[in-house]
There are 2 protein chains.
Amino acid sequence: MRTKHALEIVGAIDADPAKIGKDLGEVAGDEAAPWGVAISGDPRAVLDGHVDLVVHSTSSYLEHVKEQLLGCLEAGCCVVSTCEELAYPFQKHTELSAELDNTAKEEGVALVGTGVNPGFVMDKLVLTLATAAQRVDSARAMRIVNASHRRLPLQKKVGAGMTPEEFHAQVAAGVIKHHGLPESVAMVADGLGLAIDDITESIEPVITSEHVKTEFLEVAPGQVAGVHQIARGMSAGKEKVFLELKMYVGAKDPGDTIELEGEPRLVLTIPGGTHGDLATAAVVVNTIPIILAAPAGLRTTRDLALGFFPPNAEP
Amino acid sequence: MRTKHALEIVGAIDADPAKIGKDLGEVAGDEAAPWGVAISGDPRAVLDGHVDLVVHSTSSYLEHVKEQLLGCLEAGCCVVSTCEELAYPFQKHTELSAELDNTAKEEGVALVGTGVNPGFVMDKLVLTLATAAQRVDSARAMRIVNASHRRLPLQKKVGAGMTPEEFHAQVAAGVIKHHGLPESVAMVADGLGLAIDDITESIEPVITSEHVKTEFLEVAPGQVAGVHQIARGMSAGKEKVFLELKMYVGAKDPGDTIELEGEPRLVLTIPGGTHGDLATAAVVVNTIPIILAAPAGLRTTRDLALGFFPPNAEP
């Protein structure tokens, strides 16, 4: 499980009383447990040491993790966070972005929000593909995830097995929602110079017409198989950026597709898609040496030369 | 033609007496010509001015362009070059790489060799995709280019219309060869931490079984339609990196494909491929603001956060 030989895990922090005091390797379910790293409930005690970098994964909302992030930075730690709103926070959280950037610069460390989406497949990869374009008029990214082979919390998070009414109630309550599409829209629009004046977002259920059975649950015809989200970046009423995410059980054609209209027109596909759990962990870990070497401040994957962290590389 | 409003073309240099003295816009065939920029045969006179960056495109061989590049750097100019051997020169030209790096650092400027291939689709894009991988065991990139719709020099360069004997003679004479595959192998191997001990390269003809006709030439069955090159990065006899380039007239399924074996397995395709002429120019121009902002020294696209150069952006 610990495949990057240059990394040493020196501590772990969690708010869950059921985990505090336990060995991290045991909680992570590693065969090589115990690791000799006890989970702590006291961030200061863990960070007041020889910590170079914190992998941070607690909430999707930047306001909720503001103090956690500032605490890491003030302890002199770089941060790679899965907080979706941190992936490109400048529009929604202008002041907080500036505060994080200033604090990081004062401390001489860097932080970034990333993951497979937002952070990679619907934004960074779009901009990377655009390297081969002379002109880009608009961009589209479509991601279809088959939730059948994912863990139960993900299947529940997308609403699989609910009635349409339950689904809409859960959306209204803010429970069902994949975070990060507006952040990806903003990153793509800025990177491509597509001057957008509005970002819209919709969340609808995917209703199945077939019976779908997964390892964990069953969905009857007419029930919700998952979520269908669309975010658009608009310029004077014209769509410039279109991002579509379908995550549902029983999806037959999973995959990621990027289309750039321009000169030349460019299409990129990842047949089967990038596995959300595996790829998010991969993106986070692969970003560790990159953020350690990055200029101090609040970075986004737009600024970073992403790549793979070889097992024997020194960060 | 001049779509990046922040750029000003302040000079042009060529060794061809037929071009010297002419207007650059006229030689480039732009509708908006003349541009009021005369092509000069005297690099010093052009560079001894207010030049921030040189777009350099003269030869595939780094030894041939060494003095040109050093001249640009010593004049305080950043360089984006299409010299294929500059894309990742550390193995083949270790000393010259160090000299270029040192000179660039002394002058406080940066240089990079790039283009669609090497520089982007068979190396940078491979490493970018690997961001989503937890483990990479080996990498493959296959590029099939339909030369039918390309300019005549490209069709001739790949040997279209030759007999197999002529083709092999031209390969032996060093005339037929796409440059840059070994450089891409080295960049991919280094970026993925695949310790290779040998890079092999083969060049074979693609023999057509059908009659192929392009705007410029015809190829009869049994004749050469184009070139088929393979480069491999080997580790103790095992293939770790496989790059295959087929450029021929009449190619029916053009496209770029990347395959990473590992966890998870990842596949990426660009159906139709990235148009060599359009995309090379795009990659070069899009790299201008990136290399201007990069740390001084010899850079490669591996280190750079590539992306699009929006028309209204300031470099």
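Scroll up for the structure.
So, how was this worked out
- Residues numbered from 1 in each chain as written.
- Chains lettered and ligands numbered in written order.
- Predicted model: local features only at pLDDT ≥ 70, side-chain atom pairs only at ≥ 80, totals over all residues.
- Heavy atoms only, no water.
- Core = buried A, V, L, I, M, F, W, Y, C linked by side-chain atoms within 4.5 Å.
- Buried < 20%, exposed > 50% of the residue type's maximum accessible area, 1.4 Å probe, protein only.
- Contact = heavy atoms within 4.5 Å.
- Phe/Tyr/Trp six-rings, centres within 6.5 Å; stacked < 30°, edge-to-face > 60°.
- Lys NZ or Arg CZ within 6 Å of the ring centre and 35° of its normal.
- Axes fitted to C-alpha atoms, helices over the stretch in contact; angles between N-to-C directions.
- Helix = DSSP H or I, 4+ residues; strand = E, 2+ residues; numbered from the N terminus.
- Parallel < 35°, antiparallel > 145°, perpendicular 65-115°, else oblique.
- Nonpolar A, V, L, I, M, F, W, Y, C, P; charged D, E, K, R; others polar.
- Patch = residues over 30% accessible without salt bridge, like charges linked within 9 Å, V, L, I, M, F, W, Y side chains within 5 Å.
- Areas by Shrake-Rupley, 256 points an atom, 1.4 Å probe, with all protein chains shown as cover.
- Salt bridge = Lys/Arg side-chain N within 4 Å of Asp/Glu carboxyl O.
- Lys, Arg positive; Asp, Glu negative; His and termini not counted.
- Charge placed at Lys NZ, Arg CZ, Asp CG, Glu CD.
- Expected span 1.5 Å × (residues − 1).
- Least-squares fit on C-alpha atoms with pLDDT ≥ 70 in both.

Caption draft 1: Up close: the nonpolar core. Core analysis: the biggest nonpolar cluster contains 173 residues, and Leu-192 of chain A together with Leu-192 of chain B have the highest contact counts within it. Among residues more than four places away in sequence, those in contact with Leu-192 of chain A are Leu-127, Ala-130, Val-136, Ala-139 and Leu-260 of chain A together with Phe-308 and Pro-310 of chain B.

Caption draft 2: Region of interest: the packing of aromatic side chains. Residues and elements named next belong to chain A. Scanning all chains against the criterion turns up two aromatic pairs over all chains. Between Tyr-88 and Phe-90, the aromatic rings sit 4.9 Å apart at their centres with planes inclined by 90°, giving edge-to-face as the arrangement. Accessibility expressed as a relative area gives 31% for Phe-90, which makes it partly exposed. The ring of Phe-242 is capped by Arg-140, whose NZ or CZ atom sits 4.6 Å from the centre of that ring.

Caption draft 3: Focus on the packing of helix H3 (residues 62-74) of chain A against helix H4 (residues 94-107) of chain A. Residue and element names in this part refer to chain A. Where H3 meets H4, the closest approach of the two axes is 9 Å, and the angle between their N-to-C directions is 10°. In this view, H3 runs roughly parallel relative to H4, as classed from their interaxial angle. Packed against H3, whose contacting residues are Leu-62, Glu-63, Lys-66, Leu-69, Leu-70, Leu-73 and Glu-74, the element H4 presents Leu-96, Glu-99, Leu-100, Thr-103, Ala-104 and Glu-107 at the interface. For the contact of H3 with H4, the residue count by class is seven nonpolar, one polar and five charged.

Caption draft 4: Quick peek at a negative patch on the surface. Residues and elements named next belong to chain A. A contiguous patch of negative charge on the surface is contributed by Glu-67, Glu-74, Glu-106 and Glu-107. Within the secondary structure, Glu-107 sits in helix H4. A residue is classified by how much of its surface remains accessible, and Glu-107, at 35% relative accessible area, is partly exposed.

Caption draft 5: Representation of H3 of chain A in the model. Residues and elements named next belong to chain A. Here H3 contains 13 residues, and its C-alpha end-to-end distance of 17 Å stays within 8% of the 18 Å for a straight helix at 1.5 Å per residue. Listed as buried for H3 are Leu-62, Val-65, Leu-69, Leu-70, Cys-72 and Leu-73. Tucked inside the fold, the buried residues of H3 contact helix H2 (43-47), strand E3 (53-56), strand E4 (78-81), H4 and strand E5 (110-113). Count one or two residues on from H3 and you reach Gly-76, which has phi positive near 80°.

Caption draft 6: Seen up close, the relation of the copies chain A and chain B. Relative to chain B, chain A is turned by 180° and slid 0.0 Å along the rotation axis, the superposed coordinates differing by an RMSD of 0.0 Å. Overall, the copies show the geometry of a two-fold rotation axis. Relative to the rotation axis, the C-alpha of Ala-305 of chain A is the closest in chain A, positioned 2.0 Å from it. Mapped onto chain B, 100% of the interface residues of chain A are again interface residues, and the two copies thus contact each other with one and the same surface.

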